[in-house]
Amino acid sequence: MTNITGRLREAFRGDQRVDADALIARLDAVRRFLAAVDGLLPDAELVPAHTVVERAGTRLALSRDHTVVALAGATGSGKSSLFNALARLELSPVGVRRPTTGVTHACVWGPLEGANRLLDWTGVLPRHRFVRESALDADDESALHGLILLDLPDFDSVQRSHRLEVDRLLGLVDQVVWVVDPQKYADRVIHDNYLREFHRHRDVTLVVLNQADRLPPAELPRVMDDLRRLLDSDGLTGVPLLATTAIDPAGMVGLRDALERTVAERQAALRRLAGDVDTVVVGLDELVGSARPAGGPDDGAVAGLNRALADAAGVPAVSEAVERAYRHRAGATTGWPVVRGWRRLRPDPLRRLHLPGPVGADADPAESLVAATSVPDPTVAQRSALGLAIRAVADRAAGDLPAAWPTAVTSAARSRLDDMPDALDRAIAGTDLGLDRQPVWWRVVGGVQWLVTLAAAVGLGWLVLGYALRILGLPALDNPMVGQVPLPTLLLLGGLLAGLLVAALTRPVIRWAARRARARARQRLTVRVAEVGEEYVLAPVRIVLGSYAQARDALRDAARR
Ligand SMILES: Nc1nc2c(ncn2[C@@H]2O[C@H](COP(=O)(O)OP(=O)(O)OP(=O)(O)O)[C@@H](O)[C@H]2O)c(=O)[nH]1
Ligand SMILES: [Mg+2]
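Just so it is clear, the model here is predicted, and its values are computed rather than measured.

Asker: Hey, could you run me through the overall build of the chain in this one?
Answerer: Across its full length, the chain carries 19 helices and nine strands. At 45 Å, the chain has a C-alpha radius of gyration far larger than the 24 Å of a compact globule built from 561 residues. Considering only C-alpha atoms, the chain reaches an extent of 160 × 45 × 40 Å along its principal axes. Of all 561 residues assigned to the chain, the portion counted as buried reaches 47%. Residue pairs in contact within the chain that sit at least 24 positions apart in sequence constitute 79% of those at least 6 positions apart. Summing over all exposed atoms, the chain offers an accessible surface of approximately 27800 Å²; the carbon and sulfur share of this is 56%. If you average the places of the 69 positive and of the 67 negative side-chain charges in the chain, the two averages end up 12 Å apart.

Below, the structure written as structure tokens:
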């Protein structure tokens with residue numbers, strides 16, 4: 001039992017007044033609750049709350065100067081007799097054949113105008129409405145002005161329609177006078193099915209033991225005590241209990257006084273609605289509980305989700321392709337020019353994945369809505385790992401929230417699953433993999449490679465020209481010597497060797513830089529993929545947790561009296 005339930009269970013207003021504004025604020029809080037949980041909790045569980053909010057709104061909008069009091073009880077207990085005795089007219093047929101009253105009769109004290117809309121709402125047929133205002137009464141009845149008394153059919157009826165009518169009206173009226181008689185006052189139906197259900201409406205409940213004249217005077221106190229004991233065990237401790245005799249005006253005084261007080265206070269409608277809100281709040285409290293939800297999804301579970309997302313999105317494959325592409329492109333720029341062309345013939349590992357994706361100005365916008373890359377689809381194992389990671393996020397986020405909430409959190413976490421493959425693909429395609437621009441050092445090394453190759457070519461040309469002149473018997477070229485080696489030979493061999501040497505020296509640097517490029521790309525891809533996780537999994541989960549918190553706050557306000 002949470003605090004809310006505990007507080008409301010024990011609460012009994014007694015003569016305490018209900019403030020209309022406070023009641024309206026509580027109803028607003030119930031409305032806020034319903035808005036917060038809309039679509040998250042099963043609708044069937046929320047029907048009573050919706051009904052009360054709707055009913056209360058209507059009742060408060062209708063006349064607050066009138067008090068609708070219903071006489072309810074088993075057949076033959078004397079409801080119609082009490083109704084007629086109070087009205088001092090034979091309005092509702094009293095009978096020996098049971099059940100007698102089949103439709104609700106109403107008697108209005110004072111003008112019918114304001115009362116009519118209330119009676120329309122309660123569904124009492126116009127031909128069964130009576131007005132208790134006669135010039136002959138002078139001021140006799142003025143103390144009851146504002147009373148709308150209803151004579152209900154019997155609730156233990158063999159007629160199903162009677163029971164339905166009673167149940168419907170018991171949900172609408174401001175106050176109920178339960179009429180029991182000496183024979184049937186201990187019947188289980190009245191206690192188990194009705195009185196017990198009204199324990200949160202004690203301050204608008206009155207019980208009369210009618211036909212008191214049928215008991216020997218000495219017996220009456222014993223029966224009253226017995227009835228009081230039964231009422232206590234129904235949870236109706238403190239409700240007024242009166243003995244009445246419908247056939248004797250003197251036996252009606254107590255009831256009449258009680259009704260006069262009710263009418264004068266103009267509190268019954270508010271108290272009834274406050275009791276309804278109490279009932280609804282206790283019911284809703286069980287749906288919300290007192291669990292303290294996690295502030296957001298758990299860090300460990302989010303890390304697991306990001307790993308699963310990265311795997312499913314192909315981050316390892318793409319970052320590995322980045323490393324290979326780095327080597328490929330660096331080799332194509334800095335490698336030995338003699339064999340560079342051959343390298344270029346091999347496909348670029350990133351282009352093979354259609355990466356980098358359509359990020360340029362010439363990108364087709366329609367293309368970015370569909371799978372943009374050729375990164376392999378996730379395997380069955382990766383998909384199920386992703387499913388498990390999403391489940392883990394939901395489970396940890398839901399923590400020990402009561403019954404319906406974990407389901408709501410899980411479905412929120414999975415709500416955008418279908419859109420995720422495209423989103424992941426777009427994220428991968430849109431990630432700057434860091435290979436757009438050639439590093440300066442590639443160009444410097446490339447320039448050096450061209451220079452030394454040029455030197456080798458000049459040396460070669462020079463030597464070829466020397467041989468050609470010699471064969472043609474023309475005067476030989478002047479071959480300057482560098483140390484012991486002729487310059488053209490030095491240029492040719494030195495150029496070739498220098499080219500190979502530069503290529504050999506840069507190779508480990510390229511490997512190292514490629515690994516760095518891979519790590520950097522992996523990190524960027526992971527960040528982008530985590531953004532998808534945030535948008536498609538975590539944000540919906542946070543919305544549900546936020547709704548839970550709102551619902552809890554609203555319920556706390558609704559419980560405030
Ligand atoms: N002696 C005595 N008889 C009563 C009293 N109240 C009602 N009766 C009689 O009890 C019988 C049933 O009374 P009704 O007023 O028709 O009872 P009801 O509760 O309206 O019954 P349903 O309309 O069938 O639900 C009638 O014969 C009444 O005259 C009472 O206070 N004392
Ligand atoms: Mg009757």
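Asker: Looking at this model, I keep getting lost on the pairing of strand β4 (residues 147–151). Mind explaining?
Answerer: Each regular strand displays side chains that alternate between the two surfaces of the sheet. Within β4, five of the five residues are buried, which leaves the element mostly enclosed by the surrounding structure. The two faces of β4 match: L147, L149 and D151 on one face and I148 and L150 on the other face are all buried. Pairing analysis gives five bridges linking strand β1 (residues 67–73) to β4, with the strands arranged parallel. Each bridged residue has a counterpart across the sheet, and for T67 the counterpart in β4 is L147. As defined by bridge partners, strand β2 (residues 105–109) adjoins β4 across four bridges and the pair is classed as antiparallel. Counterpart to V108 in the pairing with β4 is I148.

Asker: Can you help me understand the packing of aromatic side chains in this one?
Answerer: The geometry of an aromatic ring pair is captured by the separation of the ring centres together with the interplanar angle, meaning the angle of the planes. Under the counting rule described, the total for this entry stands at six aromatic pairs. With a centroid separation of 6.1 Å and an interplanar angle of 50°, the aromatic rings of W178 and Y194 are classed as tilted. A residue pair is termed long-range when its members are at least 10 positions apart, and W178 in strand β5 (residues 175–180) and Y194 in helix α7 (residues 188–195) qualify at 16 residues. Note on accessibility: W178 and Y194 belong to one class, buried. Put simply, the rings of F155, W178, Y194 and F198 touch in pairs and so form one group of aromatic residues. Just above the ring of Y536 sits the side chain of R416; from NZ or CZ to the centre is 4.1 Å.

Asker: What is the right way to look at the site of ligand 1 in this model?
Answerer: Not every one of the 22 residues close to ligand 1 is listed here, only the nearest: T75, K79, S81, T100 and A246. Take S80: an N or O atom from its side chain is 2.8 Å from an oxygen atom of ligand 1. T101 has a polar side-chain atom sitting 2.8 Å from an oxygen atom of ligand 1. Burial of ligand 1 by the surrounding chains reaches 89%, relative to a free accessible area of 640 Å². Among the residues forming the shell around ligand 1, the class breakdown is five nonpolar, 12 polar and five charged.

Asker: Would you mind showing me how to read the pattern of salt bridges here?
Answerer: A side chain with one charge may pair with a side chain of the opposite charge, provided their charged atoms come close. One pass over the full model with this rule turns up 27 salt bridges. Of the charged contacts, one joins D65 and R266 as a salt bridge, the two residues approaching to 3.7 Å between their closest N and O atoms. With D65 in the loop between α3 (43–61) and β1 and R266 in the loop between α9 (253–265) and α10 (268–288), this residue pair connects regions lying 201 residues apart in the sequence. R266 sits in the partly exposed class, given a relative accessible area of 35%. When the shortest N-O distance is used, the salt bridge between R222 and E219 registers 3.0 Å. Of the two residues, R222 and E219 are both situated in helix α8 (residues 219–233); the distance of three residues between them amounts to about one turn of the helix. Judged by its relative accessible area of 29%, E219 falls in the partly exposed class. Taken together, the shared-partner salt bridges in this structure form one network comprising R188, D192, R196 and D234.

Asker: Just checking my understanding: could you explain the nonpolar core for this structure?
Answerer: Across soluble globular proteins, nonpolar side chains have a tendency to be buried as a group. Counting 88 residues, the largest nonpolar core has L23, F33, L305, Y326, M420 and I428 as the members making the most contacts within it. Among residues more than four places away in sequence, those in contact with Y326 are G331, L435, P439, W441, W442, I510, A513, A514 and A517. Grouped together as the second largest cluster of nonpolar side chains are 37 residues, A72, V166, W178 and L230 included.

Asker: I keep staring at the coordination of the magnesium ion (ligand 2) and nothing clicks. Help me out?
Answerer: Tetrahedral metal sites with four donors have an ideal angle of 109.5 degrees; octahedral sites with six donors have ideal angles of 90 or 180 degrees. Bound to the magnesium ion (ligand 2) are the protein donor atoms S80 (OG) and T101 (OG1), situated 2.0 Å from the metal. Taken together, the residues S80 in helix α4 (residues 79–87) and T101 in the loop between α4 and β2 connect sequence positions 21 residues apart.

Reading the values: rules and limits
- Residues numbered from 1 in each chain as written.
- Chains lettered and ligands numbered in written order.
- Predicted model: local features only at pLDDT ≥ 70, side-chain atom pairs only at ≥ 80, totals over all residues.
- Heavy atoms only, no water.
- Helix = DSSP H or I, 4+ residues; strand = E, 2+ residues; numbered from the N terminus.
- Rg over C-alpha atoms; globule rule 2.2 N^0.38 Å.
- Buried < 20%, exposed > 50% of the residue type's maximum accessible area, 1.4 Å probe, protein only.
- Contact = heavy atoms within 4.5 Å.
- Areas by Shrake-Rupley, 256 points an atom, 1.4 Å probe, with all protein chains shown as cover.
- Lys, Arg positive; Asp, Glu negative; His and termini not counted.
- Charge placed at Lys NZ, Arg CZ, Asp CG, Glu CD.
- Pairing = 2+ DSSP bridges.
- Phe/Tyr/Trp six-rings, centres within 6.5 Å; stacked < 30°, edge-to-face > 60°.
- Lys NZ or Arg CZ within 6 Å of the ring centre and 35° of its normal.
- Near = heavy atom within 4 Å.
- Polar contact = N/O pair within 3.5 Å; in protein donor to acceptor, adjacent residues only side chain to side chain.
- Nonpolar A, V, L, I, M, F, W, Y, C, P; charged D, E, K, R; others polar.
- Salt bridge = Lys/Arg side-chain N within 4 Å of Asp/Glu carboxyl O.
- Core = buried A, V, L, I, M, F, W, Y, C linked by side-chain atoms within 4.5 Å.
- Donors = N, O, S within 2.8 Å, 3.2 Å for Na, K, Ca; no water.

By themselves, these observations are geometric and do not establish any function.
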